[in-house]
Amino acid sequence: MVAFVVSGVIGRYIYLHIPRTIEGEEMNLNEINQIKEELNKQMTLVYHLDESVIDAILQAVTKRPDRLENNMLQRSIAKYKFERRTLKEVRTILRQQNISVKSFHQVIGIIKDEINLNRKIDRLITMKNLFEYWHVAHLPFAILMLIIMLVHVVVTLTLGYRWIF
């Protein structure tokens, strides 16, 4: 029974880390990519950045850190450092474009949103894979608990126990 509870807690953890919309519905890759495209259009239309600048920014943002580290903590630290370097690179590109300070900070905000969306994509892929494996492990526990419950009810009723209520 303890294994069943632990398995349920792990499943809940995985389920909570799947990106969701405001309504609580599970996001898919298409929805996340649509949000990214809207952010890119906003950089073009609102801030009037050149196509080459946007391409340079998108190349910087779409790069992924290497996943060579074995430890999850090391991967997290490497990812954090990679994102900081990406923001620094984007800031350098934007400073060369002579845009206003207000626009500069707004574009940096958009870039941070883009990095956050990339994080959500990575998390979505990872958690969906983990969720599939979790179902394989959790299903036998659920069936076993159902069988134990049915045996418990049958034994209780055959031995003459009745409902108190």
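Here the structure is a predicted model, which is why all the values come from computation and not from measurement.

A.B. asks: Looking at this structure, how should I read the environment of Q97?
C.D. replies: Relative to the helices and strands, Q97 is located in the loop between α4 (72–95) and α5 (101–158). Each C-alpha atom of the pair Q97 and L49 lies 8.2 Å from the other, and the pair is 48 residues apart in sequence. With near-sequence residues (within four places) excluded, Q97 lies in contact with D50 and V53.

A.B. asks: Got a minute to help me understand α4 in this structure?
C.D. replies: Along an α-helix, a turn takes 3.6 residues, which lines up residues three or four apart on a common side. The end-to-end C-alpha distance of α4, which contains 24 residues, comes to 35 Å, matching closely the 34 Å that a straight helix rising 1.5 Å per residue would cover. Of all the positions in α4, only A78, F82, E83, T86, L87, V90, I93 and L94 are classed as buried. Residues of α4 that are buried in the fold lie against α3 (51–62) and α5.

A.B. asks: What is the right way to read the packing of α3 against α5 from this model?
C.D. replies: Packed helices, taken two at a time, are described by their axes: the angle between them and the distance between them. In the contact formed by α3 and α5, the axes pass within 10 Å of each other and the chain directions differ by 35 degrees. By crossing handedness, the relation of α3 to α5 is classed as right-handed. For the pair formed by α3 and α5, the contact residues are I57, L58, V61 and T62 on the first element and I111, E114, I115 and N118 on the second. Among the residues forming the contact of α3 with α5, the class breakdown is five nonpolar, two polar and one charged.

Rules of the game
- Each chain carries its own residue numbering, running from 1 in the written order of its sequence.
- The predicted origin of the model limits local features to residues at a pLDDT of at least 70 and limits the giving and counting of side-chain atom pairs to 80 or more, whereas totals for whole chains, interfaces and linings rest on all residues.
- Heavy atoms from the whole structure form the basis of all side-chain values; hydrogens and water molecules are not counted.
- Secondary structure elements are taken from DSSP: a helix is a run of H or I of four residues or more, a strand is a run of E of two residues or more, and numbering for both begins at the N terminus.
- Contact definition: two residues touch when any of their heavy atoms are within 4.5 Å.
- What a helix is expected to span follows from its residue count: subtract one and scale by 1.5 Å.
- Whether a residue is buried, partly exposed or exposed follows from its accessible area with a 1.4 Å probe, protein chains only, as a fraction of its type maximum: under 20%, in between, or over 50%, in that order.
- To get an axis, a line is fitted to the C-alpha atoms, and for a helix only the part in contact is used. The angle between two axes follows their N-to-C directions and goes from 0 to 180 degrees.
- Crossing handedness: left-handed means the near helix sits turned counterclockwise from the far one by under a right angle, and right-handed means the same turn made clockwise.
- Under the scheme applied, nonpolar residues are Ala, Val, Leu, Ile, Met, Phe, Trp, Tyr, Cys and Pro; charged residues are Asp, Glu, Lys and Arg; polar residues are all the others, including Gly.

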